[in-house]
Amino acid sequence: MFVLITGKKSLATAVVVGAVLVGSAACASAQDSTAQLEKLIREQQKQLDALRREVGAIKGREAHRPAPGQRGTVAAKAADEPFVLKGGLPLSWRLPGTDVDIKIGGKVKADVIGRVGGRQSSGAQDLFAVTGIDTRGTRFGDDAFRIHSRESRLNFEISKKDTPLGPSRAFIEGDFFGAAGNQVASNSDSFRLRHAFVEVGPLLAGQWWTTFSDPSAYAETLDFQGSGGQAFIRQGVVRLEHKFSNGFSIAGAIENPEGRVQFGPAAPITSSRDTLPDFVGRVRYQGALGHLQIAGVVTRINAPNGLASDETGYAGTVTGRLNLPLLAQKDNLRFQATYANGATRHIQETAGVLPSVFYNPATGQSEKQKSFGGYVAFQHWWTNELRSNLVYSYVRADLPSFALASTFKHSQYAAANLVWSPWSELDLGIEGQYGLREDRDNRRGRQTRLQSSATYRF
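Residues numbered from 1 in each chain as written. Predicted model: local features only at pLDDT ≥ 70, side-chain atom pairs only at ≥ 80, totals over all residues. Heavy atoms only, no water.

Chemist: Any details on the sheet that holds strand β11 (residues 260–263)? Residues and values, ideally.
Modeler: Across the sheet, 4 strands lie side by side as β12-β11-β17-β18; this open sheet has mixed pairing. Each having just a single partner strand, β12 (269–271) and β18 (365–368) make up the two edges of the open sheet. For this sheet the average axis-to-axis angle between neighbouring strands, irrespective of direction, equals 30 degrees. Examined bridge by bridge, β11 and β12 share 3 bridges and lie antiparallel to one another. The residue of β12 that forms the bridge with Val261 is Thr270. (Pairing = 2+ DSSP bridges. Helix = DSSP H or I, 4+ residues; strand = E, 2+ residues; numbered from the N terminus. Axes fitted to C-alpha atoms, helices over the stretch in contact; angles between N-to-C directions.)

Structural data, given as structure tokens:
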């Protein structure tokens, strides 16, 4: 745009206006230059910070870099991992530089136990063995009290998802129900092995629950012993299992044998020579309504030193858990029924007090011990945090005619509890227990116990 300016005054005015315009332009240019300079400084600062972080990371890797001979190994890869990854199992972590998951678990349990009346062979026991109730009047029938934490346990699990034979894992666990400690001072109860096995694909080898048992159907009791009618054995196992897609599975195993023999009614019960493993098989179905399992075992009992003929024993069991969401969503019924002929240790109550085979030295004849045991347990959930369990167990032995009058013949066990879990890892409970023992001559002993427990799992 062109403007025509005439006259001296107009010329002076033009000069002033021009100066103002030039000054304004200069100021605007200076402000733009300052803004650009500040922007450049900020960008350079960001670059410097990134360089510092990069240099720090390089120094850290150099400090942990393996020796030249280790480059490319698992140790070298682990050194480059900046953090620990979450494992494929719940509460596990991934070992850096590998595809191996590690998990540490267990529980701490405190038990407060009171015995109310009834005679017991060795005072207030840390678990309720009904066979230990005195029926002969040889013990005082006083009350007793005990606090302990022997059921606390610790386990380690190492697993790998993909191997040429399928998923694999190794598991080891122990608790403190070994030899009892000295209660005078330290109560240093002994740590003992519970489980130790390796599992690769369908193969399991090591110490684990016998294939004959069904721990998923055990009743929930605060008492560590639990129902006398259950099959309860942990032992050396070599097992193959195949799982079908329709919920069925089959398993076969050879397991550590432990035949029990008794020569004469007053003789001690001793172990047989055990020349063959136990042969165990089971069939299991798992569905939406629960599960059902049928198992059997064949065992060989060898008389020590060839003093009598060898015998073959066997046992069969049916176990299960049935979901009953009629009263509450998580209610269920658990059960087991077992018959044993020459295999007494496959029923918990008869395992320690009766032999697999009686040998009568007067006639030279042998007689396999026949026994029956079972239990039923109902679990009811009052709320999502509060539940109760009602348990009843029955065991009976068909004793030979020459057995002593004081030989165990029959037992009953009952328990009722209330367990509160304010969060999933913590259980606070109280339980009442009742036991009855009957001998061959029909003499009986009874006992009532009250127990409270606090359990924290991790």
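There is more to say after this.
Chemist: So what's going on with the side chain of Asp101? Which residues, and what values?
Modeler: By the element assignment, Asp101 lies in strand β3 (residues 100–116). Residue class for Asp101 comes out buried when judged on its relative accessible area of 7%. Side-chain polar atoms of Asp101 contact the backbone nitrogen of Gly88, separated by 2.7 Å. In terms of polar contacts, Asp101 uses its side chain to reach the side chain of Arg94, at 2.4 Å. Residue contacts for Asp101: discarding those within four places in its chain leaves Gly87, Gly88, Leu89, Ser92, Trp93, Arg94, Glu157, Ile158 and Ser159. (Buried < 20%, exposed > 50% of the residue type's maximum accessible area, 1.4 Å probe, protein only. Polar contact = N/O pair within 3.5 Å; in protein donor to acceptor, adjacent residues only side chain to side chain. Contact = heavy atoms within 4.5 Å.)

Chemist: Describe the nonpolar core, with residues and values.
Modeler: In terms of nonpolar packing, the biggest core is built from 17 residues, with Phe212, Val297, Ala315, Ala340, Leu354 and Leu399 touching the most fellow members. Those elements giving two or more residues to this core turn out to be β14 (290–301) and β20 (386–398). Residues within four places of Val297 in sequence aside, it is in contact with Phe212, Asp278, Phe279, Val280, Gly313, Tyr314, Ala315 and His346. With 10 residues, the next largest nonpolar core counts Phe171, Leu204, Trp208 and Tyr218 among its residues. (Core = buried A, V, L, I, M, F, W, Y, C linked by side-chain atoms within 4.5 Å.)

Chemist: So what about the packing of aromatic side chains? Which residues, and what values?
Modeler: Working definition: an aromatic ring pair is given by the centre-to-centre distance plus the angle between the planes. The full count for this structure, using the stated rule, is 12 aromatic pairs. Seen from their ring centres, Phe197 and Trp208 are 4.6 Å apart, and the 50 degrees between their planes marks the pair as tilted. Here Trp208 lies in strand β8 (residues 203–209) and Phe197 lies in strand β7 (residues 192–200), a separation of 11 residues in the sequence. A ring pair is formed by Phe358 and Phe402, whose centres lie 6.0 Å apart and whose planes are at 85 degrees; its orientation type is edge-to-face. Here Phe358 is found in strand β17 (residues 357–360), whereas its partner Phe402 is found in the loop between β20 and β21 (408–420), with 44 residues between them in sequence. Looking at Phe358, the relative accessible area reads 2%, which means it is buried. (Phe/Tyr/Trp six-rings, centres within 6.5 Å; stacked < 30°, edge-to-face > 60°.)

Chemist: Account for the side chain of Ser249, naming residues and giving values.
Modeler: Following the sequence through the fold, Ser249 ends up in strand β10 (residues 248–255). Taking the relative accessible area as the measure of exposure, Ser249 reaches 8% and is therefore buried. Filtering out sequence-adjacent residues up to four positions away, Ser249 remains in contact with Glu241, His242, Lys243, Phe244, Arg282, Val283 and Arg284.

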